[in-house]
Every structure is written in C-alpha cells, then in structure tokens.
Protein chains: 4
Amino acid sequence: MKKIGVLTSGGDSPGMNAAIRSVVRKAIYHDLEVYGIYNGYQGLMDGNIKQLDLGSVGDIIQRGGTVLHTARCEEFKTDEGQNKGIEQLKRIGIEGLVVIGGDGSFRGAEKLTQKGYPCIGVPGTIDNDIPGTDFTIGFDTALNTVIEAIDKVRDTATSHERTYVVEVMGRHAGDIALWAGLADGAESILIPEQPTDFNDVIERLKRGQERGKKHSIIIVAEGVGSGFEFGKRIEEATNMDTRVTILGHVQRGGSPTANDRVLASRLGAHAVDLLLEGKSGRMVGIQNNKLVDHDILEILDQRHEIDLDMYKLSQELSI
Amino acid sequence: MKKIGVLTSGGDSPGMNAAIRSVVRKAIYHDLEVYGIYNGYQGLMDGNIKQLDLGSVGDIIQRGGTVLHTARCEEFKTDEGQNKGIEQLKRIGIEGLVVIGGDGSFRGAEKLTQKGYPCIGVPGTIDNDIPGTDFTIGFDTALNTVIEAIDKVRDTATSHERTYVVEVMGRHAGDIALWAGLADGAESILIPEQPTDFNDVIERLKRGQERGKKHSIIIVAEGVGSGFEFGKRIEEATNMDTRVTILGHVQRGGSPTANDRVLASRLGAHAVDLLLEGKSGRMVGIQNNKLVDHDILEILDQRHEIDLDMYKLSQELSI
Amino acid sequence: MKKIGVLTSGGDSPGMNAAIRSVVRKAIYHDLEVYGIYNGYQGLMDGNIKQLDLGSVGDIIQRGGTVLHTARCEEFKTDEGQNKGIEQLKRIGIEGLVVIGGDGSFRGAEKLTQKGYPCIGVPGTIDNDIPGTDFTIGFDTALNTVIEAIDKVRDTATSHERTYVVEVMGRHAGDIALWAGLADGAESILIPEQPTDFNDVIERLKRGQERGKKHSIIIVAEGVGSGFEFGKRIEEATNMDTRVTILGHVQRGGSPTANDRVLASRLGAHAVDLLLEGKSGRMVGIQNNKLVDHDILEILDQRHEIDLDMYKLSQELSI
Amino acid sequence: MKKIGVLTSGGDSPGMNAAIRSVVRKAIYHDLEVYGIYNGYQGLMDGNIKQLDLGSVGDIIQRGGTVLHTARCEEFKTDEGQNKGIEQLKRIGIEGLVVIGGDGSFRGAEKLTQKGYPCIGVPGTIDNDIPGTDFTIGFDTALNTVIEAIDKVRDTATSHERTYVVEVMGRHAGDIALWAGLADGAESILIPEQPTDFNDVIERLKRGQERGKKHSIIIVAEGVGSGFEFGKRIEEATNMDTRVTILGHVQRGGSPTANDRVLASRLGAHAVDLLLEGKSGRMVGIQNNKLVDHDILEILDQRHEIDLDMYKLSQELSI
C-alpha cells in the first residue's frame, strides 16, 4: 500500500481533527502518501480530494469540528454512487481508506471494502453509542461541556426552591445524560434505555425539598422527550419554580479534552497500522483500555449497551 | 457609624460575592463592625444576621452566586415589613446598609433610608439594565458564558447550510444579546429595544447562503420572543436546517470574570466610603470609567438605554 | 458495621470532594453513620471529627481541593501516633475508614487495619503514579489544565521561530507529561521513566525548523530537571528564541472533569461496599474499565508503569 | 480612497483577529478593497499581500493569535526599508493602512504617514501599556487567563501554611499584576510603577498567618524581578513553604473575551472610518467609554499611567 485516504462523515465531534492528524502523521511516518477527502462521501464522489502533508495538520489537534468537513450523502448509499467514489480513488491511486464517523459512515466503508477498497472505521460521535468500543471520540468533550453548564446552573443563588431541567443530546443513547448526571449529582436522570418513572422524579424532588434542599437538577436525554415538556409537568406536579436549559449543538463543539485527543490519536494511528497489515472492513476501538478492532458488519448488527451499574449508582447517590 | 450591614437581594449575579467581600474588608479596614444579612429583606425581617470577619469572606471572590443568599420578599414592600426589618437593625445597632441587587432591591433601600437607616445600593444583575452605571456586576461574566457557548456552536462541522438560533437572557434589556452578537459575529441580533424586522433576518440569511456561508447565528433576547418560535419561522421561511439553544440559567452562574470582580470590589468599597461620608439613598456605579453615585429615586425614574452605535456597528459588520 | 469515617491525606487532587461525597451518600444509603475526619491523620489524632449528613456534601462535587483538608503528619508514622488515632475512633465508635490519598496515606491505612480498624484506600493524586489502578482521581483534571495552558501558548503568533518549554508536575511519574504531550502534539516529551536524549530533542527541533515549522513545544516532567535549565540549553544549542512556562500548583486545582468526578464517585462508593463486605487493607481502583481492589501491601511493593506504546506513538506522531 | 491595507505587528494579543475582521468587513461595507499584509512590516517590504474578502475573515473572531502573523523587522526602521514597503503599496494601489500592534508598530505607521501613506494605529497588546486608551486589545483576555490560573492555585488544599508566588507579564506596566491581584484578592502585588517594599510583603504574610490564613498569594510583574527569586526570599524570611508559578506565554494566547472582541471590533471599524474621513497618523482608542483618536506622535511621547486608586484599594482590601 502506497496511498491512503481519510475522510470524516456524519455528525462531527470534537477530536475528529486529532484523529485526522494522527492518520496523516502515522501514514507519513510509514512513508505512505495520504489524501484528505473533503465533505465525506459526497466529496469522494466529487473528487474533492487533496494530498496532505505534515503542515496540513499543523495546529488542528486542539480544534473542534473537522477540517475535512462532513456532509450527508444519500447518493453514496447506491451502487452507482459508490462506483463514482471508486472512480476517484482509482484516478489518484488511493488503495485504502480511514473513515471517521458513526454507524452510517461505517456502512459506506463496508461497501467500499466489499468492492475491493479496504476501509477501516474510526468511531467519532459525541453520543458514545457505537458497540465494540467503550468510548467514542467526542464523548468526553461533550460530557465536560454539559457539566460545565450544569455547574453554572448550580451557582445561581439558592434563593427559593427551584428545579432545573437540562435537556442533553442522546436520541437513542443515554450515555451523556447518565455520566453528566453522575458527575453533577443530578436528582434524576432520564434516559431512553430505562423506563421513565415520572413518579420517582417527583418523589425525589419532594424528598429533597423536605430536607431543605434549595435546588434540584433533572437531566433529560432528548430521546426521552422535550426538556420543556418535562419542565411543565414538574412545575404542575410540585408547584416548584422550574427552569429549562436546552444546550443543543453547543454539545457538539469545543476544543477536545485531553482524553478525546489521546483516544483520537491512538485510534487514528491504529487504523493506519491495520491497513498496513492488510486488514479491511474493521472498526478500531478501545475496550478495557486496550486497542481492539472488530468486523464492521458485526458492529452494525450490535447495539451499544448503557452501564447499568452506573445507573444504579446514580440512583443510590441521589437519595 | 460603627456597625453596618450588607445584603444581596433579587436575582443573583456572578460577582456579588466579590462585592460582599469588598464591603466587609473595606469596613473592617475602617474599623467598622460589619454584619451579613442572609436571604435578603426576608432575612432582615427574620433577624437572620451574623457578624462577618475577614475569614468569613475568604475564598469567595471567585465564586458565582452569593454566600448571603437572596430571596423574594413581598412583605418588605409594606410599611409593616420594613418596620420589622428596622427592629432587627435596632436590636444589633446596625446604622447603615449596603444593598447589592437590582432595581427591586433599591426600592427597599430607599424605604429604609427614608425611615432613618441610610442605605447605599450596589448594582448587581447580569442584565446590565440599571441606569446610572455603564456596567452592572455580573454582566461581563454572563456575556462570556454566552460567547463560549456560541463558540462551540461555531465549531460544529460546516456540513450543510444550517442556522443556529440562540436565546439569551434579557426581558427588557438587549445588552447581553447585543454584546454577544457583536462579539460572536452573529448574522442578526433581536433585542427588545428595537423593532424586530423578520424580513431583514431572512434577507441576511439568504445573502450569506448565496455567498457560500455554511452557518449563521441568530441571537434572540428572551424579551423578544421564544428562540424555538423563531427557529420554526426561520426554517419555514428559508428551508434551512435550524437548531435552537436555550441557555437559560446557565447565564446566571459561573466564576466571575476579572472585570466583574474588579468592578464589584470597587463598587463595594465605594459604597462603604459613602456611608462613612454620611451619604444615604445613593446608588454607586461606574460611568465613563469613573466611580459615581446617584440618588436612588432618580435611578428608579430612569430607563437604561442600549448603545445604538454598537447596534449599528453590529449590522454593518454582519453584511 | 454502623459507623465509618472518611479522611483525605497527602497532596490534594481535584475530585477528592466527589469521592468524599460518594462515600458519605453511599454510607447513608446503607444506613451507616459517617464521620468526616479533618486534616488527615493529624486531625484523626486530634479528634477533629464531625458527623456528616447529606447536606454536608451538598454542592461540593464540582469543587477542587478537599473540604476535609489534608495535612502532613510525621507523628502518625509512629506506633504512639497511631494509637492516639485509635483512641479517637474508639471514642466515637468508628469501626472502619475510607482513606483518600496517595501511597503515603495508604501506609497509615495499612497500620490501622493491622491494629483492628479496617481501612480501604482510594487513590487520589494528580500524578497517576499508583499501581493497581489505571487512573487516579485528579489525573484527568490536571491533564486538561496542562493542555489548556499549552493550547494558549500555541495561539501566540507564529512570528519567528520560537521554542516553548513547559515544565509539568511528575517527580517520579511521567504520565502528565506523556499524555499532555500526546494530546498537544509536543515535539519532545521528557519523562523520568525514559533516558533523556537531549540530542534527539535538538534534532527534532531542527527538523521542524527546516520544514518551516514556526513553533515547537517541549514538555518536561519536573522529575527530569528544571524547565528553565532545559530552556537555556535549547537556546544555546539551536539559537532559537526559547520561552519557559512553569505551571506549578495550578495543576493541582480546578473543578474536576467529568471523568474525575465519575471515577471518584465510583471508587468512593466501592470502598464503602468493601467495608460492608468485611474487607480491609484493600485499595480500590479501576483497571481495564472495571472496579477492582488490591491488597494495600502489594500496592506499596509495586511500581506504577508508564505506557510505553503511548510513548512510542508520541514519537512517531511528532516526526 | 479605494484600497486599504491591514497588518498586525509586534507581539500578538488575543483579539487581533477580531480587529482584522472588523477592518475588513467595515471596509467592504464602505465598498473599499482591503488587503491583508502578512508578517507585519517584513511582509510589507516583501510584498506578502493578499486581497481579503468576507470569507477570509470567517470564523476568526474567536481565535487567539493573528491570521496575518507578525514579525520583528529591523530593516523597516530604515528609510530604505520604508521605501521598499511603499513600492509594494504603490504596486497594488493601496492608499491607506490600518496597523494593529503596540508602540513599536506605531513608529512604522508614523513614518509611512509622513511619506504620504496615511496610517491609523489600533492598540493591540496584552500589557495595557499604551497611552491614549484606557484599554488595549488583549488585556482583558490575558487578565482572565491569569485569574483562572490563580483560582486553581487557590483550590489546592489548605493543608499547611503555604505561599504562592505567581509571576505575570508586564516588563514596564503593572496593569496585569494589579488587576489580577485585585480580582484574586492577592496579599501583595509587586509592580514596576511602585517601589517594592519587601518588608511590607513579609508583614502581610505574617499577619495572615497569625490570623490562621492557610494560603497567601503574591503577584509579581516580571518587570519587578523573577518570581523564583522572590519565592526564595520569602521562604527564607518567613519559613513558609513557598511555590512558584511562571505563566509565561500562556498569557498571550487563548480565545479573546467578549470585551476584547467588542473592543477590537469597535476600534477596527473606527480606524476605517478615520481613513475615510481623510485622517492620518492617528491612533484610535477607548477613553471614558468613548471612541477617541490621538496623534500618534503625541502617544509615542507619553507614558501609560497605572491607576493608583486601584492600587490603594488593593492594599486596603488585603489587610
């Protein structure tokens, strides 16, 4: 293998730039030529491709977002779209690809692999919802963004009983909500993986109130419902003044944390190593603190599981 | 004067602790005894009052919120309530008060002054909506909280045209929205002091889109309307994907900025100086970079004005 | 077991408060009485001990430092000192202890265990130098403090060739230096676990310079030598303008990261569980993402190992 | 005037990018062509000049450093060097210049003005040491960087009496030290504008110690001497454990604060207005909260004054 490509696809996450940098530098370290494919699979089909050198990835390790941009691309789901992309790879002579993104991105990687272009997937999403890896690139940063916001909410004066509802990202996965709730001592954490026991939420609020607690924090993963709706219901049920924060895309940005940068650097380099070893159709990950790789098809068949011990702990600590 | 009191009242703001600290230390510097009144005017009526020494205000200069807490208090608006408060002042021998808060708080201070208990008001609110001072304690911190959030929104990948609507605090005053918009290069800034020209918002968005701009940011002061409503209307009018962030009470917390701490320290100390000079019924402030003081009654009669030159500049720079 | 105690000892680290909170709440969850011992072993001997309830640990999860304070204590290394401490435990009826700190603290815990007072150690130190756990409480926060500082250094204009030397904590362990270097793309990382190849440092700097690189960052763990000394030697050897940053105790503070708070919450609760199971003389830890516990004596006999794969990766990526 | 140029020169400061953006956008708003001159006066002589459009300054308002880079340039101090620069201006047809930087940069601007190329200076430096403006671009950001570092130092456990010495930037101006000291409640603040009373430093430390104060913070502007030297002397004189932090160039970077961005936006736009009004050889500034402009020659003749009232206040509050 002499020439490889790298692209980012799907929703961006903090640390993607650190992963790109690692892929580029590790490739150059092994005397490979490395090409950046801009705008994900759309750019692959359009031939929006440039060779990258050490300088191209200078001063990006600390930046949120992705210098390669991403794009949604319906066309690449078709055979025709994939062949267009392969034309571009042929034109330049790119023999393998590193695809940084979520499960949608990995489907494309799997298709290219089947058509003779070995791909390695690198899990990048703030949701931490990809099986086969304990952590995804961006999760740690999003989590810290959430807790910094909640810390500020905590500061505001303990003037009269007040409940704060914070809606965080997570359509199908409650990891951000669960970790943030544990890290910030939330009274209740509502996640899609667990049935929502609204009575328990109210119970805990009332218990806190009786104990003289001035403020309570409820964290709601967006997959469970609207923060505003919960705010209204809580206000009706408790008569406490209730305020709502919807962080939205604030959670997708920010300079990546040390952990996300290190994880991204390790996973990106590992992906290059696998390509050099002749592997294909694999997703790299970190499990039990070790670098691993899995068949992408198996990953796509599995479901990410939330840590129920941590959920239980969060309930025990928020008595 | 031998004994003075200090209380915080109304909504809390970052820097109130620095102001308390300054009042206490400046008072002790001048050999006064100084008493902390907890929970605002409610605590005054209840006699929730403790003497403060240098150690009581140790390690609070950097904390959000207020160690004296605040509370709403309807009863203190009545003659009877005020007399209850005065009973407590008499009991301890407190001869003058520093009241840190917004205009509601200053009304109470004015009443006490009229009844023979000289008060000095210190403007503390994130909204920057108090006349007689160019800046209020907490405004700079809230502003930086807002721009840090918007910076993160900016990071997220320039994947496809997307519009971000950020709703910020400001029921009657657009200062947070205006300054944050200028500091973050927002496309449009909607503030209560100016008519909302929705067509202009849409015009600017379309112009940016044509120029190839990937994302646009609209800042809406809560007094103008709901961020969600604007988000929906923009999506309908432009067909662009639109995402909404509601920062809510996140804006009220956080460690105060250097500016807020310095401002709070200066205003708190100045308030003590005025009490010692025998003044009463005054609010301290900073105008044209100088410490000033005004009659509280005059302040209550005026309206804070937004800086229209800055508003014009924000429009010129967001072409 | 009906009554347990908790203390922090040795150098403080961010997340200790989250650990204390978790111990207290988990204990109360299990209907135990829990006592806070102030100022470490010194406070134990002095009987500086107070019962803690849910409110005592309110609003501390996000604070750096430790609300229980710490102190050095030579006397507790003696039999006499230990017996004094045991007198106090007897007086109150405390039957078991959770000791949060580093290896010095664990020696005391071991002694108490031998004398019939079961102790569980919780690893809290920013250095990440304790065997038997992949991460210690505080390491992640210190790391992020370091990279935020280096990120700022990176920002300063690429005006002329300049080398920045950043000295970070780590007398015997290079973990902070290594992780920060990898997370920030440092040119060279000098750690106590590896021989310092000064020629290689100079080589890399010159190679970067030839490639047109404007600035280079060298990270030095304090155990390797003084940042100032290295700065001087580099300036002499390369003729490049060299600037030095010594972060010092800045690395010991700050609000703990999400990771440190979650780790602290899990380890603190696990320690209580072990006491309830009748275990003693154990240190809890996290290894391969699972909660574990080890005999303290074994821990004290081992040495923490640095991750050499990560060190190698850092060198490959900084070509 | 149809074409103007903009350059940054001297040490960079956070907010310079916001100033560049404002110059570019305000110029385009007035239908001017605007050219970016890279690497300061060196780039001017070398013809390192590119036209800038709205897109060129997209997503830079929040970045530290300067996208136009800066460089020292001895040659431009000579008549010959200046003529080389003018050749380049002629070649492109640039009729006026905005020069963002410190006093060294303004000397060059003055020379160009005298030779028929009107220049307007914009004060950008973290030191806040330029007369004719109450604040320089970058000062507020540097200040907040310093206090965030000191806040972390404060967190570390109050284990035994300890003194922290923090050396901050300021060779000739003590503004950073003074404001940071006031904002962080430092025990002593050593600045070049005031004689260093070492006995007073020791006095205050001992007084704090007697009062039971656990930690004390001494801020030293680099112009007064080395933080390490002071640390040693304090340790000798008090026998307290003393730790030193040297922030160095960390203070020059970071995302600019809201204040610095707003100030930069206002000053940059004002400079363009002045060029359009036919003014030359002026420096813009903010005084008493109003936009002003002064003759550059007068500015170069004056000295920045520190605010002695604030210095006095810092001493009164650190009793």
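What you are looking at is a predicted structure, and each value in this text was computed from that prediction instead of being measured. (Residues numbered from 1 in each chain as written. Chains lettered and ligands numbered in written order. Predicted model: local features only at pLDDT ≥ 70, side-chain atom pairs only at ≥ 80, totals over all residues. Heavy atoms only, no water.)

J.: Could you clarify how one ought to interpret the interface of chain C and chain D in this entry?
T.: Residue-level contacts link 34 residues of chain C with 34 residues of chain D. Of all residues in chain C, Lys 152, His 249 and Val 250 of chain C give up the largest surface area on contact with chain D, accounting jointly for 22% of the area buried on that side. Linking chain C with chain D are one salt bridge. Taking the shortest distance from any N to any O, the salt bridge between Arg 72 of chain C and Asp 241 of chain D comes out at 4.0 Å. Counting across the chain C and chain D interface gives nine residue pairs in polar contact (both at pLDDT 80 or more). (Contact = heavy atoms within 4.5 Å. Buried area = accessible area lost by both parts, 1.4 Å probe. Salt bridge = Lys/Arg side-chain N within 4 Å of Asp/Glu carboxyl O. Polar contact = N/O pair within 3.5 Å; in protein donor to acceptor, adjacent residues only side chain to side chain.)

J.: Please clarify how the pattern of salt bridges should be interpreted in this entry.
T.: Pairing of side chains with opposite charge becomes possible as their charged atoms draw close. All told, the structure shown has 82 salt bridges over all chains when counted by the stated rule. In this structure, Arg 162 of chain B engages Asp 241 of chain B in a salt bridge whose closest nitrogen and oxygen atoms are separated by 3.1 Å. Note that Arg 162 of chain B is positioned in strand β6 (residues 162–168) and Asp 241 of chain B in strand β9 (residues 241–246), a separation of 79 residues in sequence. By relative accessible area, which is 7% here, Arg 162 of chain B ends up buried. For Asp 184 of chain D, the salt bridge identified is with Arg 154 of chain D, shortest N-O distance 3.2 Å. With Asp 184 of chain D in helix α6 (residues 175–184) and Arg 154 of chain D in helix α5 (residues 139–155), the pair connects residues that are 30 residues apart, well separated along the chain. The buried category is assigned to Asp 184 of chain D, whose relative accessible area is 0%. Judged by its relative accessible area of 9%, Arg 154 of chain D is buried. Bridged by salt links that share partners, the residues Asp 59 and Arg 261 of chain A together with Asp 151, Arg 154 and Asp 184 of chain C form one connected network. (Helix = DSSP H or I, 4+ residues; strand = E, 2+ residues; numbered from the N terminus. Buried < 20%, exposed > 50% of the residue type's maximum accessible area, 1.4 Å probe, protein only.)

J.: Looking at this model, I keep getting lost on the sheet that holds strand β1 (residues 3–8) of chain C. Mind explaining?
T.: Strand pairing in a sheet relies on backbone hydrogen bonds. The paired strands run either parallel or antiparallel. Residue and element names in this part refer to chain C. Taken in spatial order, the seven strands line up as β3-β2-β1-β4-β5-β10-β11 in an open sheet, and their pairing is mixed. The open sheet has two edge strands with one neighbour each: β3 (49–52) and β11 (290–295). Ignoring strand direction, the axes of neighbouring strands in this sheet form an average angle of 30 degrees. (Pairing = 2+ DSSP bridges. Axes fitted to C-alpha atoms, helices over the stretch in contact; angles between N-to-C directions.)

J.: Got a minute to help me understand the relation of the copies chain C and chain A in this structure?
T.: In this arrangement, two copies of a chain are superimposed by a rotation about an axis accompanied by a shift along the axis. Overlaying chain C with chain A gives an RMSD of 0.0 Å, the required rotation being 180 degrees about an axis along which the chain moves by 0.0 Å. Overall, the copies show the geometry of a two-fold rotation axis. Across chain C, the rotation axis passes nearest the C-alpha of Asn 288 of chain C, at a separation of 1.9 Å. The residues that chain C uses at the interface reappear at the interface of chain A in 100% of cases, marking a shared surface. (Least-squares fit on C-alpha atoms with pLDDT ≥ 70 in both.)

J.: I tried to follow the sheet that holds strand β4 (residues 96–101) of chain B on my own but got confused; where do I start?
T.: Residue and element names in this part refer to chain B. Across the sheet, seven strands lie side by side as β3-β2-β1-β4-β5-β10-β11; this open sheet has mixed pairing. Both edges of this open sheet fall to β3 (49–52) and β11 (290–295), since each of them pairs with a single strand only. Put simply, the sheet's adjacent strands are angled 30 degrees from each other on average, direction ignored. Here strand β2 (residues 33–37) pairs with β3 via four bridges, running antiparallel.

J.: Please explain the interface of chain C and chain A as it appears in this structure.
T.: Size of an interface: often given as the accessible area lost when the parts come together. Contact residues are listed per partner, giving 45 residues for chain C and 45 residues for chain A. The three residues of chain C that bury the most area against chain A are Glu 316, Leu 317 and Ile 319 of chain C, which together make up 15% of that side's buried surface. At the boundary of chain C and chain A, one finds eight salt bridges. Linking chain C with chain A are 21 residue pairs in polar contact (both at pLDDT 80 or more). Residue assignment for the side of chain C that touches chain A shows that the elements contributing at least two residues are α1 (16–29), α5 (139–155), α6 (175–184), α9 (258–276) and α11 (308–317) of chain C. For the side of chain C that touches chain A, the element with the most residues is α9 of chain C, which contributes seven residues.

J.: What am I meant to see in the pairing of strand β8 (residues 215–221) of chain C here?
T.: It is a general feature of regular strands that their side chains alternate between the two faces of the sheet. Residues and elements named next belong to chain C. The element β8 is extensively covered by neighbouring structure, given that seven of its seven residues are classed as buried. Examined bridge by bridge, strand β6 (residues 162–168) and β8 share seven bridges and lie parallel to one another. Its bridge partner lying in β8, Glu 167 is registered against Val 220. As paired elements, strand β7 (residues 188–190) and β8 share three bridges and run parallel to each other. Across the sheet, the residue bridging to Ser 188 is Ile 218, located in β8. Where the polypeptide runs from β7 across helix α7 (residues 198–210) and back to β8, its parallel neighbour, the crossover connection is right-handed. (Right-handed = clockwise from strand over helix to strand, strands pointing away.)

J.: Even after reading the chapter, I still don't get the packing of aromatic side chains, so can you show me in this structure?
T.: Describing an aromatic ring pair means giving the distance of the ring centres and the angle of the ring planes. According to the stated counting rule, one finds 22 aromatic pairs over all chains in the structure shown. Between Phe 139 of chain A and Trp 179 of chain A the ring centres are 5.7 Å apart and the planes differ by 90 degrees, which places this aromatic pair in the edge-to-face class. Of the two residues, Phe 139 of chain A is situated in helix α5 (residues 139–155) and Trp 179 of chain A in helix α6 (residues 175–183); the sequence distance between them amounts to 40 residues. Ring centres 6.3 Å apart and planes at 40 degrees place the aromatic pair Phe 198 of chain B and Phe 230 of chain B in the tilted group. Of this pair, Phe 198 of chain B sits in helix α7 (residues 198–210) while Phe 230 of chain B is found in helix α8 (residues 227–238), placing the two residues 32 residues apart along the sequence. (Phe/Tyr/Trp six-rings, centres within 6.5 Å; stacked < 30°, edge-to-face > 60°.)

J.: How should I be thinking about the UniProt feature "binding site: Mg(2+)" (unreviewed entry) in chain A in this particular structure?
T.: Residue and element names in this part refer to chain A. With numbering matched to this structure, UniProt assigns "binding site: Mg(2+)" (unreviewed entry) to Asp 103. Among the secondary structure elements, Asp 103 is positioned in helix α4 (residues 103–114). Residues in contact with Asp 103, not counting those within four places in the same chain, are Ile 130 and Leu 300. (UniProt positions renumbered as here; feature names shortened; annotations may be inferred.)

J.: It is not clear to me how the relation of the copies chain C and chain D should be interpreted in this structure. Could you clarify?
T.: Superposing chain C onto chain D requires a rotation of 180 degrees together with a translation of 0.0 Å along the rotation axis, leaving an RMSD of 0.0 Å. Looking at the interface residues of chain C, 100% of them are also at the interface in chain D, so both copies use one shared face.

J.: How do you make sense of the domain arrangement of chain A when you look at a structure like this?
T.: Residue and element names in this part refer to chain A. Partitioning chain A into structural domains gives domain 1 (3–138 + 256–301) and domain 2 (139–253). With centres defined by C-alpha atoms, the gap from domain 1 to domain 2 works out at 34 Å. The interface is formed by 17 residues belonging to domain 1 together with 14 residues belonging to domain 2. For the pair domain 1 and domain 2, the summed buried surface comes to about 1200 Å²; carbon and sulfur atoms form 56% of the total. Viewed at the interface, domain 2 and domain 1 are joined by one salt bridge. Across the salt bridge formed by Asp 12 and Arg 252, the nearest N and O atoms sit 3.6 Å from each other. Between domain 1 and domain 2 we count ten residue pairs in polar contact (both at pLDDT 80 or more) in total. Of the residues belonging to the side of domain 1 that touches domain 2, the class tally is five nonpolar, eight polar and four charged. (Domains from an automatic or database assignment. Nonpolar A, V, L, I, M, F, W, Y, C, P; charged D, E, K, R; others polar.)

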